[in-house]
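Here is how the chains run, residue by residue.
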Amino acid sequence: MLRINKTLPSGEHPIMFRITENRNNYEVSTKVSSTKENWNKATQCVLDSHINHKSINALLNNIKVKATFYFANVSDDRSPRVSEIKSLVEKLTGAVKTTPKLMLLEFFDSEVARLKSMERYGYAGVHIVTRSRLNKFMKEKDMNFEDIDVNFLRRFEDWLIKNNIAITTRSIDFRTFRTVWRNAMKEKICRENHYPFKDFSYSKYNAPKTKKRAISVEQINKIVELNLEDDKLINSRNYFLFSYYCRGLNFADLACLKWTNIRDGFINYVRAKTKEEFDFKLHPEALKILDYYRVLEGNSDAGYVFPILYKRHATVRSQRDRRLKILKRVNKDLKTMAGDAEIQKNLTTYVARHSYASALRIKGVSKEDIGKSLGHDSIKTTEIYLDEIGDPLFDDRINECI
C-alpha cells in the first residue's frame, strides 16, 4: 500500500507492506517509494512511468512470493506470527534493524532479576515457577508478545488442566502472567492495545475454591499425643502446634520470632506479609512450647525463639533460603506424622492456620471476630477464607434438619 499521509523529501510517499490480523493492522516499510500518479493500487505495484519501476516491482513481487511461501509452510499446530512476517520483509529490503525488543520469556527473566534486586525473593520465585510452566508449554521456544493472543492463553489453560495443575495454582500462574504483561506494556515492550487478557475468561480464577485443609480438634490432639523421639520431628510438631495455638501464626513470622517478642505471657509481633501488628495473650499450650525452647541446647545464637535462624543468616536472601529449607523439611515431617496419627489429609504448616479458624467457627465465634484474629482487613476476605475450609456450623444445621 502507498502511505499517502506521509510525504518524503523527494515528494514521494513510502510503499508499505501491511499485515492485518484480527482487525489489527501492522505495517513494515519496504524502503521504496512512489508518487500517487506512479502507483497502481489495483496491482499493488508501480507503473512503468516510475524511473525505478523494474527494481521496485521486483522487490514487491519478491515480498509477495516469500510471504505466500511462509504462509504455505506454517505448521497446522501454530498460527502465523506477525513478527516473523515483519522480519521476512525487513530481511528482503535490507532494513537496518533496531535493537530487538525482549520476548516473553526474556522479559520474565528481567522481571525476576528486578524482583531479586529489590530482595523480593518470594515473589521472584513465583515468577520463576510460572515462567517454567510457560517454557514447557511453548516447548522451550520463546515468542514475541505480538504473536501471543487469547487463543494462546486458552491453549495454555488447557495444557495446565491436562497436566493436573490445581485451580489455585492456575490462578497464580495467570495472575503472574497478567502482571508481567502489564509491566511489559508500561515499559513499551508490548503495545498497549495488544492485551489478550481482556478477552480471556479470568473470573473463575478470582476466588478459586480449594480443598478443605482444616483438621479437627480431635486430630490436633492426636498429633499432640504422638510418641516422638527424633528431635527434628519434635521441632516440626512444635512449629505446627505453636502456629495453631497462636492464631494461625504464619511460618515465616514464626521463624523470625524473637524472645523480645514475648513479654509476660503475651506475644507481640508485626506480620511480614501485611505489616500489621499483633498483640495477644498466649495459650497455655503455646507457653509450654516456649518453655521447651528456653532451655534447649543449640538454641539460636541470634535471639530467635526457634532453632531456625542463626547469626550466620545475616542477609534477607540467606534468611529466606533457610526458612524455605526448614519449611520443606517440616512439611515432610508433618506428612509422616499425619500417617502415624491416621489423618487422611495433606498436613502442612498452613493447615494449622485453617484448623485454628475452623475450631473457632465450631465454637460459634463470629466471622468478624475470626477475621480480626487472622488479620483480615474485610469480612469478605474472611468469608472467602472460611469458604475454603467450609462452615462447620452451617454443616451441623443442615444435618440436624434432615
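Conventions we followed
- Residues numbered from 1 in each chain as written.
- Predicted model: local features only at pLDDT ≥ 70, side-chain atom pairs only at ≥ 80, totals over all residues.
- Heavy atoms only, no water.
- Helix = DSSP H or I, 4+ residues; strand = E, 2+ residues; numbered from the N terminus.
- Expected span 1.5 Å × (residues − 1).
- Buried < 20%, exposed > 50% of the residue type's maximum accessible area, 1.4 Å probe, protein only.
- Arc of directions from axis to C-beta.
- Contact = heavy atoms within 4.5 Å.
- Pairing = 2+ DSSP bridges.
- Phe/Tyr/Trp six-rings, centres within 6.5 Å; stacked < 30°, edge-to-face > 60°.
- Core = buried A, V, L, I, M, F, W, Y, C linked by side-chain atoms within 4.5 Å.
- Salt bridge = Lys/Arg side-chain N within 4 Å of Asp/Glu carboxyl O.

Engineer: Go over helix α3 (residues 104-117) with me, naming the residues and quoting the values.
Structural biologist: Over its 14 residues, α3 extends 20 Å from the first C-alpha to the last, a length consistent with the 20 Å expected when each residue adds 1.5 Å. Among all positions of α3, only Leu104, Leu105, Phe107, Phe108, Glu111, Val112 and Leu115 are buried. Seen along its axis, α3 keeps its buried residues to an arc of 155 degrees; they face one direction. At its buried positions, α3 is contacted by α4 (121-137) and α6 (167-186). Among the residues trailing α3, Glu119 stands out with phi positive, at a value near 65 degrees.

Engineer: Tell me about the sheet that holds strand β5 (residues 262-263), and please be specific about residues and values.
Structural biologist: Strand pairing within a sheet occurs via backbone hydrogen bonds; the two strands may be parallel or antiparallel. Strand order across the open sheet formed by three strands is β5-β6-β7, with antiparallel pairing between neighbours. Two strands lie at the open edges of the sheet, namely β5 and β7 (277-281), each paired on one side alone. Bridging between β5 and strand β6 (residues 266-270) involves two bridges; their strand directions are antiparallel. Bridge pairing in β6 links Ile262 to Ile267.

Engineer: Report on the packing of aromatic side chains, specifying residues and quantitative values.
Structural biologist: The tally for this structure, following the rule as stated, stands at 23 aromatic pairs. Here Tyr70 and Phe71 contribute two aromatic rings whose centre-to-centre distance is 5.6 Å and whose plane-to-plane angle is 80 degrees, an arrangement assigned as edge-to-face. What makes Phe71 partly exposed here is its relative accessible area of 45%. Ring centres of Phe177 and Phe197 lie 5.3 Å apart, and the angle between their planes is 90 degrees; on these two criteria the pair is classed as edge-to-face. On the criterion of sequence distance, the pair formed by Phe177 in helix α6 and Phe197 in the loop between α6 and α7 (217-225) is long-range, its members being 20 residues apart.

Engineer: Mind laying out the nonpolar core, listing which residues take part and the relevant values?
Structural biologist: If you look at the biggest cluster of nonpolar residues, it comprises 51 residues, and the most contacted ones within it are Tyr239, Phe240, Phe242, Phe306 and Ile308. Tallying contributions element by element places helix α8 (residues 231-245) first for this core, with eight residues. Among residues more than four places away in sequence, those in contact with Phe306 are Tyr239, Phe242, Leu254, Leu257, Ile289, Tyr293 and Ser300. Core analysis: the next-biggest nonpolar cluster, separate from the first, contains 29 residues, Met138, Trp181, Ile189 and Tyr195 among them.

Engineer: Hey, could you go over the side chain of His313 for me, with residue numbers and the actual values?
Structural biologist: Among the secondary structure elements, His313 is positioned in the loop between α10 (284-294) and α11 (316-340). Excluding its chain neighbours within four sequence positions, the residues that come into contact with His313 are Ile308, Ser318, Gln319 and Arg322.

Engineer: I'd like to hear about the pattern of salt bridges, residue by residue, with values.
Structural biologist: Applying the stated criterion to the full structure yields 13 salt bridges. With a shortest N-O distance of 2.7 Å, Asp109 and Arg131 are connected by a salt bridge. With a gap of 22 residues between them, Asp109 in helix α3 and Arg131 in helix α4 connect regions that are remote in the sequence. Residue classification places Asp109 among the partly exposed residues on the basis of a relative accessible area of 38%. A relative accessible area of 21% means that Arg131 is categorised as partly exposed. Between Lys188 and Glu192 there is a salt bridge whose closest N-O contact spans 3.1 Å. The pair formed by Lys188 and Glu192 is uniform in burial state, with each residue classed as exposed. Members of the salt-bridge network, linked through shared partners, are Lys86, Glu146 and Arg191.

Engineer: Report on the environment of Tyr350, specifying residues and quantitative values.
Structural biologist: With respect to the secondary-structure elements, Tyr350 resides in helix α12 (residues 349-362). Residue class for Tyr350 comes out partly exposed when judged on its relative accessible area of 31%. Distance in space between the C-alpha atoms of Tyr350 and Tyr244 is 9.3 Å, their sequence separation being 106 residues.

Engineer: Could you give me a rundown of the pairing of β6, with the residues and numbers involved?
Structural biologist: Side chains Ile267 and Tyr269 project from β6 onto a buried face, and the interleaved Phe266, Asn268 and Val270 project onto a face without burial. Taken together, β5 and the strand that follows it, β6, pair antiparallel across an intervening segment of two residues, in which Asp264 is found at a positive phi of about 50 degrees. Taken together, the five bridges between β6 and β7 define a ladder with antiparallel strand orientation. For Tyr269, the partnering residue across the bridge sits in β7 and is Phe278.

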